[in-house]
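Architecture at a glance
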Amino acid sequence: EPTGGSPIRVVLLGANGVGKKSFASIFAGASDGMDSEDCELYGGERMLVTMAASPVDFPIPITVALEDEWALEHSMQTGDAYLLLYSITDRASFLRASELRITLRRHRPAQHTPIILVGNKCDLVRCREVSVSEGRACAAVFDCKFIETSAAMQHNVWEAFHGIVRQLRLRRDSK
Ligand code: GDP
């Protein structure tokens, strides 16, 4: 639980190749005054991007959880909010997102952890393997928000982030 001035950790989860690092680079690149110290690699297992000048009034470390047992376990225990990514061009990654959601629920039995299911690569329309309605239905089952994005086109990436921030604010204000 974030308390006082401690940062809120947003974790990017998802199968290999769905666009987690692309998301993180967009967040990192968009923050003014970002320097290399804000972006650290921990043994190649996760990337921490602190957005000093994010659109919100507090720094938000973004963690990219690689598909690695240790990184996943750690991120599931330490995240405050999650962007759960799959690629709309890769049905296996969609199934993987479901598995990750189930694992996350085991770590976070309380319903209040903000999670957004993100269908990335929506620019690749001809390669689509997962329909918008399937994505939406999956999010409904998992009781989380849903958005389709394109990191390549920088479409809806910040909207996804703002969605998470909105949920964190709602949660904080309801305390
Ligand atoms: P990660 O393994 O989840 O961190 O995935 P990456 O961010 O490394 O992305 C894997 C590949 O997909 C890279 O070649 C990216 O350029 C590409 N990619 C990521 N997001 C998109 C997207 O929205 N559209 C398209 N067309 N390619 C993307």
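Residues numbered from 1 in each chain as written. Predicted model: local features only at pLDDT ≥ 70, side-chain atom pairs only at ≥ 80, totals over all residues. Heavy atoms only, no water.

1. Notes on the site of the ligand
- Of all residues adjacent to the ligand, which total 15 residues, the nearest are Gly-17, Lys-20, Ser-22, Asp-123 and Ala-151.
- With respect to the ligand, the backbone of Gly-17 contributes an N or O atom lying 2.8 Å from an oxygen atom.
- For the ligand, an oxygen atom lies 3.0 Å from a polar atom in the side chain of Lys-121.
- Considering the ligand on its own, with 580 Å² of exposed area, one finds that the protein chains cover 70% of that surface.
- The element contributing the most residues to the shell around the ligand is helix α1 (residues 20-30), with three residues.
- When the residues that make up the shell around the ligand are grouped by side-chain class, the tally is five nonpolar, six polar and four charged. (Near = heavy atom within 4 Å. Polar contact = N/O pair within 3.5 Å; in protein donor to acceptor, adjacent residues only side chain to side chain. Areas by Shrake-Rupley, 256 points an atom, 1.4 Å probe, with all protein chains shown as cover. Helix = DSSP H or I, 4+ residues; strand = E, 2+ residues; numbered from the N terminus. Nonpolar A, V, L, I, M, F, W, Y, C, P; charged D, E, K, R; others polar.)

2. Quick notes on helix α5 (residues 157-173)
- The terminal C-alpha atoms of α5 lie 25 Å apart, and with 17 residues this matches the ideal 24 Å at 1.5 Å per residue to within 8%.
- When α5 is considered as a whole, its buried residues turn out to be Val-157, Ala-160, Phe-161, Gly-163, Ile-164, Val-165, Gln-167, Leu-168 and Arg-171. (Expected span 1.5 Å × (residues − 1). Buried < 20%, exposed > 50% of the residue type's maximum accessible area, 1.4 Å probe, protein only.)

3. Describing the side chain of Glu-148
- Within the secondary structure, Glu-148 sits in strand β7 (residues 145-148).
- At 2.9 Å, the side chain of Glu-148 and the side chain of Arg-128 are in polar contact.
- If near-sequence neighbours (up to four positions away) are discounted, Glu-148 is found in contact with Ile-88, Gly-119, Cys-122, Arg-128, Val-130, Ser-131, Val-132, His-155 and Asn-156. (Contact = heavy atoms within 4.5 Å.)

4. Some remarks on the side chain of Ser-150
- Within the fold, Ser-150 resides in the loop between β7 and α5.
- Looking at Ser-150, the relative accessible area reads 1%, which means it is buried.
- Setting aside residues no more than four positions away along its own chain, Ser-150 makes contact with Asn-120, Lys-121, Cys-122, Asp-123, His-155 and Val-157.

5. So, the packing of helix α3 (residues 91-107) against helix α4 (residues 132-142)
- As a packed pair, α3 and α4 sit with axes 11 Å apart at the nearest point and diverge in direction by 10°. Here α3 lies roughly parallel to α4, going by the angle between them. Contact residues: Arg-91, Phe-94, Ser-98, Arg-101, Ile-102 and Arg-105 in α3; Glu-134, Gly-135, Cys-138 and Phe-142 in α4.
- Across the contact of α3 with α4, the residue classes break down as four nonpolar, two polar and four charged. (Axes fitted to C-alpha atoms, helices over the stretch in contact; angles between N-to-C directions. Parallel < 35°, antiparallel > 145°, perpendicular 65-115°, else oblique.)

What is shown is where atoms sit, not what they do.
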